[in-house]
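A closer look at the structure
Read off the chains here:
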Amino acid sequence: MKNYELRNGVRVPEIGYGTWKTPDGETCAKAVETAIKLGYRHIDAAMVYGNEESVGLGIKNSGIRREELFLTGKVWNTDRGYGRTIRAFEKTIKDLQTDYLDLYLIHWPASPNQYDCWEALNRETWEALTDLYKSGKIKAIGVSNFRRRHLIPLLEEEVIPMVNQLELHPGMVQADIVSLCSEYQILPEAYSPLGNGKLLKSKELSEMAERYGKTSAQICIKWNLQHGFLPLSKSVNEDRMRTNLEVHDFKITEEDMRTLDGLEGFADGNDPDQVLF
Ligand SMILES: NC(=O)c1ccc[n+]([C@@H]2O[C@H](COP(=O)([O-])OP(=O)(O)OC[C@H]3O[C@@H](n4cnc5c(N)ncnc54)[C@H](OP(=O)(O)O)[C@@H]3O)[C@@H](O)[C@H]2O)c1
């Protein structure tokens, strides 16, 4: 697996394995173990997914050495603020059965819809991430779902985000925030790279995939890589996990990339300033 390099020099396997909606327990532990056996070396987890212990068990059962894995966690919205963030991090690493994370993200910016003090809250949470980073308990820190107005205040901090995890897939380009990220060498990670599965129903996409002799999912993953995004696809099915990694023997043309950029009707597009969670 190739790597992206973060602004602090940390290397990240270029395709990650997502764990959202993977049922907790046996299914999750087995899925993570299988993914690792198939070659995934980057696991995207989060406390709010409710399956961190099973993710930890899957990693343990895979027999892989911890240093060979890139493991991401996220601080959930109700744990924002300095002290709560530190406590949430400690619980996450305990549940994942590890003593460090490779990447820890603020899952969502505080929404001005819910908090008058949203900017101060983001700063306080960021300060906790920064201290954990400086102590060596996290190798890289970042944010998720941050648009321009949320990210700009953090760009004044001593340590600035290394990653912004965003909804990115054909039809969801997020050009404004992506261009700010590239200006500051912040890697855009692509969540829901298959549009949470919905994109795979697109007739236009499946016709294009057929032309390339590929699956629609492979086209979506390749589209992300060709844009310089890091796709985090999720599957609990062994065959789909495997084929989602097989994207290195073809290239999407410029013209087809533009067609994919413009696909309409598949974005969730939750506005972080409007969400109520
Ligand atoms: N930071 C955030 O706010 C945020 C938000 C959303 C997601 N994420 C992260 O990003 C990861 C991926 O996003 P996602 O889970 O929304 O969706 P996704 O990877 O875009 O799509 C997953 C869906 O597609 C299906 N699928 C996967 N590969 C397939 C294939 N080759 N052919 C047909 N169907 C396929 C899966 O079903 P099967 O499992 O049955 O194969 C599942 O229903 C998450 O798991 C999570 O780690 C982060």
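Quick caveat: nothing in here was measured; it's all calculated off a predicted structure.

Turning our eyes to something else, we now look at the UniProt feature "active site" (unreviewed entry) in the chain. When the UniProt feature table is mapped onto this chain numbering, "active site" (unreviewed entry) sits at Y49. Its place among the elements puts Y49 in the loop between β4 (42-44) and α2 (52-62). Once residues lying within four places of it in the same chain are set aside, the contact partners of Y49 are T19, W20, D44, K74 and H107.

Right, let's talk about the site of the ligand for a bit. Close contacts around the ligand come from 27 residues, with D44, S192, N196, S235 and R240 the closest. Within the contact set of the ligand, an oxygen atom lies 2.9 Å away from a backbone nitrogen or oxygen of V236. Burial of the ligand by the protein amounts to 85% of the accessible area it has alone, namely 900 Å². Looking at the shell around the ligand residue by residue, the classes come out as 10 nonpolar, 13 polar and 4 charged.

This part covers the UniProt feature "domain: NADP-dependent oxidoreductase" (unreviewed entry) in the chain. The feature "domain: NADP-dependent oxidoreductase" (unreviewed entry), as given by UniProt, occupies residues 14-263 in the numbering adopted here. Counted over residues 14-263, helix gives 42% and strand 16%. Its end C-alpha atoms are 24 Å apart.

By the definition in use, this model includes 6 aromatic pairs. Between the aromatic rings of W76 and F277, the centroid separation amounts to 5.9 Å while the plane-to-plane angle is 15°, which identifies the pairing as stacked. One end of the pair, W76, is in the loop between β5 (70-75) and α3 (82-95); the other, F277, is in the segment after α10 (254-261), with 201 residues separating them in the sequence. Given a relative accessible area of 17%, W76 falls into the buried group. Relative to F229, the ring of W223 has its centre 5.9 Å away and its plane inclined at 65°; by these criteria the two rings are edge-to-face. On the accessibility criterion, F229 (3% relative accessible area) is buried. Taken together, the ring pairs connect W76, W108 and F277 into an aromatic cluster. The positively charged end of R66 is found above the aromatic ring belonging to Y100, 3.9 Å away from the centroid. Its guanidinium or amino end placed over the ring of Y100, K139 lies 4.9 Å from that ring's centre, counting from NZ or CZ.

The next subject is the side chain of D44. Mapped onto the fold, D44 is located in strand β4. Here the side chain of D44 touches Q165 through a polar contact of 2.9 Å, side chain to side chain. Setting aside anything within four residues of it in sequence, one finds D44 in contact with Y17, G18, T19, Y49, T72, K74, Q165, E189 and L232.

Of note, K201 is situated in the loop between β9 (187-191) and α7 (203-212). K201 sits 121 residues away from R80 along the chain, and the two C-alpha atoms are 37 Å apart.

With 14 residues, α3 should cover 20 Å at 1.5 Å per step; its first-to-last C-alpha distance of 20 Å lies within 8% of that length. For α3, every residue scored as buried is listed here: T85, A88, F89, T92, I93 and D95. What you see down the axis of α3 is that its buried residues fit within an arc of 160°, all on one side. The outward face of α3, more than 90 degrees from its buried face, is lined by the exposed residues R87 and K94. Where the residues of α3 are buried, they touch α2, β5, β6 (101-106), α4 (118-134) and β7 (138-144). Backbone geometry just after α3 places Q97 at a positive phi near 60°.

Within the structure shown, the criterion is met by 22 salt bridges. A salt bridge links D271 to R149; the nearest nitrogen and oxygen atoms lie 3.8 Å apart. Of this pair, D271 sits in the segment after α10 while R149 is found in helix α5 (residues 148-154), placing the two residues 122 residues apart along the sequence. Beyond isolated ion pairs, a larger network of salt bridges with shared partners links R147, R149, D271 and D273.

The next subject is the sheet that holds β4. The strand order around the closed barrel built from 8 strands is β3-β4-β5-β6-β7-β8-β9-β10, with neighbouring strands paired in parallel fashion. Geometrically, the sheet is characterised by an average inter-axis angle of 30° between neighbouring strands, direction not taken into account. As paired strands, β6 and β7 are joined by 5 bridges and run parallel to one another. When the sheet's bridge partners are listed, I106 is paired in β7 with V143.

A few words on α4. Between its terminal C-alpha atoms α4 stretches 24 Å, which fits the 24 Å expected from 17 residues at 1.5 Å a residue. Considered for burial, the residues of α4 that qualify are W118, L121, N122, T125, W126, A128, L129, T130 and L132. On its buried face, α4 is in contact with β5, α3, β6, β7 and α5. Positive phi appears at G136, one or two residues downstream of α4, with a value of about 90°.

Definitions and limits used
- Residues numbered from 1 in each chain as written.
- Predicted model: local features only at pLDDT ≥ 70, side-chain atom pairs only at ≥ 80, totals over all residues.
- Heavy atoms only, no water.
- UniProt positions renumbered as here; feature names shortened; annotations may be inferred.
- Helix = DSSP H or I, 4+ residues; strand = E, 2+ residues; numbered from the N terminus.
- Contact = heavy atoms within 4.5 Å.
- Near = heavy atom within 4 Å.
- Polar contact = N/O pair within 3.5 Å; in protein donor to acceptor, adjacent residues only side chain to side chain.
- Areas by Shrake-Rupley, 256 points an atom, 1.4 Å probe, with all protein chains shown as cover.
- Nonpolar A, V, L, I, M, F, W, Y, C, P; charged D, E, K, R; others polar.
- Phe/Tyr/Trp six-rings, centres within 6.5 Å; stacked < 30°, edge-to-face > 60°.
- Buried < 20%, exposed > 50% of the residue type's maximum accessible area, 1.4 Å probe, protein only.
- Lys NZ or Arg CZ within 6 Å of the ring centre and 35° of its normal.
- Expected span 1.5 Å × (residues − 1).
- Arc of directions from axis to C-beta.
- Salt bridge = Lys/Arg side-chain N within 4 Å of Asp/Glu carboxyl O.
- Pairing = 2+ DSSP bridges.
- Axes fitted to C-alpha atoms, helices over the stretch in contact; angles between N-to-C directions.

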